[in-house]
Amino acid sequence: MNRVYLILTFIVLAVIQLTVIPFFTFGSFHPDLISVFVTVFAVLYGRVSGMIGGFLAGLLLDLMSGGIIGLSSFSKTINGFVAGSFSPGDKKDGLSKVKLFFIILLCSTMDSFFYTFLSGSFVSIGFFELVLYHGILPGLYTAIIGSPVLIVIERLK
């Protein structure tokens, strides 16, 4: 039942990501709901599960969006690895909402940076602009838009 719930959640988020989120584009960046999903999944289930989930989510997103196969897979795998490193494991106290917000910020920033870096669309800009405009700002925007997820997670506990 848990796997079915995760798959359905991913499908709903992917459909929203591909249809509704383009309307929330601010400048040249947009929030990445799949990045938030992978981050939360990895924090809940650990590093290895996060990497596998990130790879599969990225691959399915590439297939659904018609993008270059492998870009999202790679960036979401890195996302799952880093987020899984923050997994509380067997601790019963878990993570606070503030810590989870900053984990989402870090992971979505890295996700966006690596996706842009590997796509080659940064050739005409400098490294500082790549980090700021294609890493930090989209990561911050994703973390802010993804904040309601923290409320849902708290309710599920």
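Given the structure is predicted, the values throughout are model-derived calculations rather than measurements. Throughout this description, residue numbers start from 1 for each chain and increase along the sequence as written. Totals for whole chains, interfaces and linings use all residues, but because this is a predicted model, local features are given only for residues with pLDDT of at least 70 and pairs of side-chain atoms are given and counted only at 80 or more. To get the side-chain values, all heavy atoms of the structure are used, and hydrogens and water are removed first.

A. Examining the overall build of the chain more closely. Within the chain one finds 7 helices and 0 strands. Each helix corresponds to a stretch of at least 4 residues labelled H or I by DSSP, and each strand to a stretch of at least 2 residues labelled E; elements are numbered beginning at the N terminus. Listed by position from the N terminus, the elements making up the chain come as α-α-α-α-α-α-α. Just to be clear, the radius of gyration here is over C-alpha atoms, and the globule rule we use is 2.2 Å times residues to the power 0.38. Taken over C-alpha atoms, the radius of gyration comes to 15 Å for the chain, in line with the 15 Å a tight globule of 157 residues would show. Sorting the 157 residues of the chain into buried and exposed places 36% on the buried side. Whether two residues are in contact is decided by their heavy atoms, any of which lying within 4.5 Å being enough. The contacts of the chain with a sequence gap of at least 6 include a subset with a gap of at least 24, amounting to 65%. Within the chain, one finds 9 positive and 7 negative side-chain charges whose respective centroids are separated by 11 Å. Three labels apply to residues, based on accessible area from a 1.4 Å probe with only protein chains included: buried if under 20% of the type maximum, exposed if over 50%, partly exposed otherwise in between. Only four residue types enter the charge count, namely Lys and Arg as positive and Asp and Glu as negative; His and the chain termini do not. The atom standing in for a charge is NZ when the residue is Lys, CZ when it is Arg, CG when it is Asp and CD when it is Glu.

B. Fine view of the packing of aromatic side chains. Planes of paired rings set the category: under 30 degrees apart is stacked, over 60 is edge-to-face and the rest tilted, where pairs are Phe, Tyr or Trp rings (Trp by its six-membered ring) whose centres lie within 6.5 Å. Enumeration over the complete set of coordinates arrives at 9 aromatic pairs. Seen in terms of ring centroids, Phe37 and Phe41 are 6.4 Å apart; in terms of plane orientation they differ by 20°. Their pairing is stacked. Here Phe37 and its partner Phe41 are both found in helix α2 (residues 33-45), 4 residues apart, which amounts to about one turn of the helix. Residues Phe37 and Phe41 agree in their burial class; the two are buried. Clustering of aromatic rings is evident, with ring pairs tying together Phe74, Phe113, Phe114, Phe117 and Phe127.

C. Region of interest: a nonpolar patch on the surface. Patch construction takes residues with relative accessible area above 30% that form no salt bridge. Like charges are linked within 9 Å, and nonpolar side chains (Val, Leu, Ile, Met, Phe, Trp, Tyr) are linked within 5 Å. Every accessible area reported is derived by Shrake-Rupley at a probe size of 1.4 Å, with residue values counting cover from the shown protein chains alone. Whenever Lys or Arg places a side-chain nitrogen within 4 Å of a carboxyl oxygen from Asp or Glu, that contact is recorded as a salt bridge. Residues Val4, Ile7, Leu8, Ile11, Val15, Leu18, Leu60, Leu63, Met64 and Ile69 make up a contiguous nonpolar surface patch of roughly 880 Å² in combined accessible area. Only α1 (2-19) and α3 (47-65) provide two or more residues apiece to the nonpolar patch. At 6 residues, α1 tops the list of elements feeding residues into the nonpolar patch. Positionally, Leu18 belongs in helix α1. By relative accessible area, which is 33% here, Leu18 ends up partly exposed.

D. Seen up close, the pattern of salt bridges. Applying the stated criterion to the full structure yields 2 salt bridges. Across the pair Lys76 and Asp32 runs a salt bridge, and its minimum N-O distance is 2.7 Å. Placement of the pair is Lys76 in helix α4 (residues 71-84) and Asp32 in the loop between α1 and α2, with a sequence separation of 44 residues. Like Asp32, Lys76 is buried. Close ionic contact of Asp111 with Lys76 constitutes a salt bridge, the shortest N to O distance being 3.0 Å. Residue Asp111 is found in helix α5 (residues 97-119), and its partner Lys76 is found in helix α4; the two are separated by 35 residues along the sequence. What makes Lys76 buried here is its relative accessible area of 2%. Because the salt bridges share partners, they merge into one network encompassing Asp32, Lys76 and Asp111.

E. Quick peek at the side chain of Ser73. By secondary structure assignment, the location of Ser73 is in helix α4. For Ser73, a relative accessible area of 3% puts it in the buried group. Those residues within four positions of Ser73 in sequence are excluded, and the remaining contacts are Gly54, Phe55, Gly58, Leu59 and Asp62.

F. A look at the confidence of the model for the chain. On a range of 0 to 100, pLDDT expresses the predictor's confidence in each residue. Per-residue confidence for the chain averages 86 on the pLDDT scale, and 90% of its residues sit at or above 70. Predicted confidence in the chain is weakest over helix α7 (residues 148-156), with a mean pLDDT of 66, and strongest over α4, with 95.

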